[in-house]
There are 2 protein chains.
Amino acid sequence: MSKKNLAILLRARMRSNDPTKLSLSQFPKEIPSNPQENHSRDHIVTNPTEGSGNSSAFGTTRRVYDVVCETMHSAISASKTGVSDITLNDFQEGYLSLSLEDREKLLVLLAKEYDVNREQVRKLVKQYLGLETPDSVDEELSSPKKEALASVFYRIEWNLRHSLKPTYEILFERLNTHPGGLRFLSILRADLLSMLTKENTPSLRTLDSYLKEKLGMWLSPATLELHQITWDDPASLLEKIVAYEAVHPISNLLDLKRRLGIGRRCFGYFHPAIPGEPLIFIEVALMETIAQTIQEVLWDNPPIPENQATCALFYSISSTQPGLAGINLGKFLIKRVIKLVKKDMPHVSTFVTLSPIPGFMQWLLSKLSSQSKFAADERSTQSTSPSSTFSENVLLPEEEQALMSLSDDSSSGDHGMEVLLNLLSVTNCDWATSPRILPVLEPILMRLCARYLLQEKKRGKALDSVANFHLQNGAMVERINWMADRSEKGVHQSAGIMVNYVYRLENIEDYSQSYFASGKIHASPGLHPRL
Amino acid sequence: MSKKNLAILLRARMRSNDPTKLSLSQFPKEIPSNPQENHSRDHIVTNPTEGSGNSSAFGTTRRVYDVVCETMHSAISASKTGVSDITLNDFQEGYLSLSLEDREKLLVLLAKEYDVNREQVRKLVKQYLGLETPDSVDEELSSPKKEALASVFYRIEWNLRHSLKPTYEILFERLNTHPGGLRFLSILRADLLSMLTKENTPSLRTLDSYLKEKLGMWLSPATLELHQITWDDPASLLEKIVAYEAVHPISNLLDLKRRLGIGRRCFGYFHPAIPGEPLIFIEVALMETIAQTIQEVLWDNPPIPENQATCALFYSISSTQPGLAGINLGKFLIKRVIKLVKKDMPHVSTFVTLSPIPGFMQWLLSKLSSQSKFAADERSTQSTSPSSTFSENVLLPEEEQALMSLSDDSSSGDHGMEVLLNLLSVTNCDWATSPRILPVLEPILMRLCARYLLQEKKRGKALDSVANFHLQNGAMVERINWMADRSEKGVHQSAGIMVNYVYRLENIEDYSQSYFASGKIHASPGLHPRL
């Protein structure tokens, strides 16, 4: 592939995961009304300009939707092993050719009409409750009569368990064993997730939970393969790296080449059923010291000779499939990458991330906003005791003072929290470039960020999703870095602060265990004085 | 690897799937009584000659068994994501170090103590029956109250479904996501299967069905990767080909090399979680015409230049994991191999098997034996009408006559079926080498074999397992071949007869469909006159 072609491709930034673009042309505009006749694949494709009149186009759309419904029905209702590949292919292509609106209609249909057969469940439940459990039927005695009773019990229990599975499970399982089906299911789930943001009904939510559970099972980490991605890989793969890089967008050809070149590594987790496309990938920089800012990794410093590297810095982890949201694909990823790098370069002894803190500003602004209200209430009632048990001053006395000294017309406020809230809420982020404000905010934001990372929790786990990911994997919080990501996104997300999580091989298992068991977050001693 | 080493390895025919040999030495003889202390991996391994006294050895065995039970318990009862890799490793190694007797004890324990929590099920069933189904709670109205009711219903139904899963599912799922765990589960199931032949209790049977279901899901054909196996592959892989070849055993180094050399292909289905070992492999010979005997494929004819080949002959398919019995791993295998061969060699246009007929003689002997009894009964009662509706003379009049003409001291009998039964039952298979008997038996056995393949069914599918496999995949029965496998095994199994199944690309889908739908077996016209 020529550089020119790749450049065009990169400029276009075509998101190849846009499923509507995949197969529309493959799916016929005119379909025989009897789907059986459809199997010959001799589809009659009409001139695309024909039937562009409104009513006719509507008729075609209706017909396509109905055919897709019928194909789905065939795919579900065919006998156990008798569903044909053609039916499954037709359903996949048909679904992808539908408008978003029709897809949603189909998903509602799937969730409701192919739900659990509850009549069957009730029948079996009654049978089940009438049986003696195998504990009362003692197998030890091995009298044939008793064994027969236990046998019946296990059979009915098995049937009951299976009857509680929604009928749509059949479709999911058949697609999973079908070439391309897993990729398709991830697209279907992406549609479902976007739909749930608008129409969160219990039946759709259950459909999603069910599909998520299944996908999680099928995409077990043990089936994922780790490969290094290099400049020699096909453009169709590199294109996806460009499209999916979610942490630090790849801006141009040079940028991509640098991330795959000397002193850099990129590894992807691949699943055999979704070839040519990593499900998740991680970018690594080989360095002499632990980087404090993303600028030096991405642009400032030229890469050092690899034999001088002592530190492998993980600076970006991106997952590529929106339809796999909530499924932990990263398990073992870091551990396996460390093993691979270590084998290749034994002189590398430090494994550390330079990570974003995606939830920091959101948490801080919401905290400041609610606490400012409490403070205003207290002030208006002239009470000296806190108005609520939830109220606290998140600022230290000296921080309060420093912030009030900043108070002027542009960032007024009755108290420190209000001043800080007003400063941070300005959409253009003036504070981040102001030589007057920045030095005042630095110690305050750094302290609050340490608090956020080490103390703020949800169900006993770190509130920050990236922190939770690395802590689960057995990392510790090593250092937070001021103005480490000066990009607009970085300033908005985390006031430009980034964090280094360190993986110490000798502690990974222990730290992971204690984090799971008690939510304990290990941090370097340097971080604690900030709290 | 030197030829000498490989030769030694091949001679030894070490079956590397013997799990007891894998890890015995890795597992400590002395284990601290507190399994927590075990995690440091600084196991104290005592001198193996110590403690060989009977009582002491018994004590050690007991202790090891108890530790494995405790490890299993930890692996199951740890919180959702908090089970450590070390615990799972310890359980795997511990299990593999147990004697077969202890393994069986452990499996009984697993089946009984980690079964469904039935108290929980009963509680949820009662809650469930008390709820209105979402159909009665109409979601269309979208009143928050009704939606809330539906939401509760779905949650309870979800909980009920999960409560019906046996607790041992947790162990299976955790092992599946653990490196090496899938391989381990297949060993565990092999133990279970061999145990079921002796102790077929409902709880063990259910444990097996459950594990089989799970393994079938995890080993979906979509996750299997097809690779060509060549002489350049590692000896550790080739060793497995030698060990697992089940159809035509590989006798020596030269034999293996020939099967991987010019005019031959070997393809394996690999799973990413079980690296270095195919789950199933298929051997292919490139030929000018469809081979009639296995001798010409394996020994007689030198391979032809590959560019002269027009026919790809599949002469052996072997699965390697006894623990995966009953799971259809071969789905898509043939189709994918055909695609691969066709791409590589467009001049190959015929895809055909030379297959054993593993069930023919067993079926024939049992048929002859039962029908001989019926015939004897009829004779003794002097009745002219058949004594049973099940009785039939499987022989044609001219076959009856021909067989009676053979009757002498060595193969006496009152009627043809008895003569045939007596001839075929002689363990040394004299008939197969007798110039007097062989020509008489040939037309009879060939006709009965065609009948067996095309007409004998079980639940609407071909009785013969190999026939069923190929017919499911969309093949047709092309030809049966006399004395096509003169090996002892071949004569015992199928009177030396082998069969060619042909895959015609244009018919694969249709034939597979009609076989599934109605059990229709397609056969070449030449076969029908034999019936």
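Refer to the preceding data block for the structure.
Read on for a plain summary of the structure. Because the structure is predicted, anything quoted here is derived from the model rather than measured.

## A look at the pairing of strand E9 (residues 498-503) of chain A
Residue and element names in this part refer to chain A. Of all six residues that make up E9, six are buried, and the element is covered over most of its length. The side-chain alternation of E9 yields two buried faces, one formed by Met 498, Asn 500 and Val 502 and the other by Val 499, Tyr 501 and Tyr 503. Direction of pairing for strand E5 (residues 350-353) relative to E9: antiparallel, over a ladder of two bridges. Residue Val 352 lies in a different strand from E9, and its bridge partner there is Val 502. Judged from the five bridges that link them, strand E8 (residues 476-481) and E9 form a sheet pairing that is antiparallel. Within E9, the position partnered with Arg 479 by the bridge is Asn 500.

## Details of the relation of the copies chain A and chain B
Superposing chain A onto chain B takes a rotation of 180 degrees plus a shift of 0.0 Å along the axis, which leaves an RMSD of 0.1 Å. The transformation relating the two chain copies, once decomposed into turn and shift, fits a two-fold axis. Interface residue correspondence from chain A to chain B reaches 100%, placing this contact among same-surface, isologous pairings.

## A short note on the interface of chain A and chain B
At the junction of the two partners, chain A supplies 64 residues and chain B supplies 64 residues. Between chain A and chain B lies a buried interface of about 5500 Å² when both sides are counted; carbon and sulfur atoms form 57% of it. When the buried surface of chain A facing chain B is broken down by residue, Arg118(A), Arg122(A) and Arg161(A) rank first, second and third, together holding 12% of it. Linking chain A with chain B are four salt bridges. Among the ionic pairs, Lys335(A) bridges to Asp85(B), the shortest N-O distance being 2.7 Å. Those elements that provide at least two residues to the side of chain A that touches chain B are helix H4 (85-97), helix H6 (118-129), helix H7 (144-163), helix H8 (168-176), helix H10 (202-218) and helix H21 (508-518) of chain A. Grouping the amino acids of the side of chain A that touches chain B by side-chain chemistry returns 27 nonpolar, 18 polar and 19 charged.

## Some words on the environment of Ser316(A)
All names here are of chain A. Looking at the secondary structure, you find Ser 316 in strand E4 (residues 311-319). We classify Ser 316 as buried; its relative accessible area is 3%. For the pair Ser 316 and Ala 285, spaced 31 residues apart in sequence, the C-alpha to C-alpha distance is 9.7 Å. Those residues in contact with Ser 316 that sit more than four places away from it in its chain are Glu 245, Val 247, His 248, Phe 281, Ile 282 and Glu 283. A distance of 2.9 Å separates a polar atom in the side chain of Ser 316 from a polar atom in the side chain of Glu 245.

## Comments concerning the side chain of Asp191(A)
Residue and element names in this part refer to chain A. As for its placement among the helices and strands, Asp 191 is situated in helix H9 (residues 181-196). Judged by relative accessible area, which is 9%, Asp 191 ranks as buried. When residues no more than four places from it in sequence are discounted, the contact partners of Asp 191 are Tyr 95, Leu 100, Arg 103 and Leu 107.

## What to know about the sheet that holds strand E2 (residues 264-270) of chain B
Residues and elements named next belong to chain B. With mixed pairing, seven strands are arranged side by side in an open sheet as E1-E2-E3-E4-E5-E9-E8. In this open sheet, the two edge strands, each paired with only one partner strand, are strand E1 (225-228) and strand E8 (476-481). Put simply, the sheet's adjacent strands are angled 30 degrees from each other on average, direction ignored. As defined by bridge partners, strand E4 (residues 311-319) adjoins strand E5 (residues 350-353) across four bridges and the pair is classed as parallel. From the neighbouring strand, Cys 311 faces E5, where its bridge partner is Thr 350. Contacts from helix H18 (residues 438-455) reach E8 and strand E9 (498-503), with the element oriented near 160 degrees to E8.

## Some remarks on the pattern of salt bridges
Throughout the structure, instances matching the rule amount to 42 salt bridges over all chains. Across the salt bridge formed by Arg118(B) and Glu157(A), the nearest N and O atoms sit 2.7 Å from each other. Here Arg118(B) is found in helix H6 (residues 118-129), whereas its partner Glu157(A) is found in helix H7 on a different chain. In this pair, the class of Arg118(B) matches that of Glu157(A), namely buried. In this structure, Glu509(A) and Lys335(A) form a salt bridge, with 3.2 Å as the shortest nitrogen-oxygen distance. Here Glu509(A) is found in helix H21, whereas its partner Lys335(A) is found in helix H14 (residues 333-344), with 174 residues between them in sequence. For Lys335(A), a relative accessible area of 31% translates into the label partly exposed. Connected through shared salt-bridge partners, Lys165(A), Glu169(A), Glu173(A) and Lys214(A) make up one network.

## Topic: the packing of aromatic side chains
If you walk through the whole model with that rule in mind, you get 24 aromatic pairs over all chains. Ring geometry for Tyr128(B) versus Phe153(B): centroids 5.2 Å apart, planes at 35 degrees, classification tilted. Taken together, the positions of Tyr128(B) in helix H6 and Phe153(B) in helix H7 (residues 144-163) put the pair 25 residues apart, joining distant regions of the chain. An identical accessibility class is assigned to Tyr128(B) and Phe153(B); each is buried. Note on Tyr515(B) and Phe516(B): the rings are 6.4 Å apart at their centroids and 55 degrees apart in plane angle, and the pair reads as tilted. Both residues of the pair, Tyr515(B) and Phe516(B), belong to the buried class. Its guanidinium or amino end placed over the ring of Tyr65(A), Lys105(A) lies 4.1 Å from that ring's centre, counting from NZ or CZ.

What counts as what
- Residues numbered from 1 in each chain as written.
- Chains lettered and ligands numbered in written order.
- Predicted model: local features only at pLDDT ≥ 70, side-chain atom pairs only at ≥ 80, totals over all residues.
- Heavy atoms only, no water.
- Buried < 20%, exposed > 50% of the residue type's maximum accessible area, 1.4 Å probe, protein only.
- Helix = DSSP H or I, 4+ residues; strand = E, 2+ residues; numbered from the N terminus.
- Pairing = 2+ DSSP bridges.
- Least-squares fit on C-alpha atoms with pLDDT ≥ 70 in both.
- Contact = heavy atoms within 4.5 Å.
- Buried area = accessible area lost by both parts, 1.4 Å probe.
- Salt bridge = Lys/Arg side-chain N within 4 Å of Asp/Glu carboxyl O.
- Nonpolar A, V, L, I, M, F, W, Y, C, P; charged D, E, K, R; others polar.
- Polar contact = N/O pair within 3.5 Å; in protein donor to acceptor, adjacent residues only side chain to side chain.
- Axes fitted to C-alpha atoms, helices over the stretch in contact; angles between N-to-C directions.
- Phe/Tyr/Trp six-rings, centres within 6.5 Å; stacked < 30°, edge-to-face > 60°.
- Lys NZ or Arg CZ within 6 Å of the ring centre and 35° of its normal.

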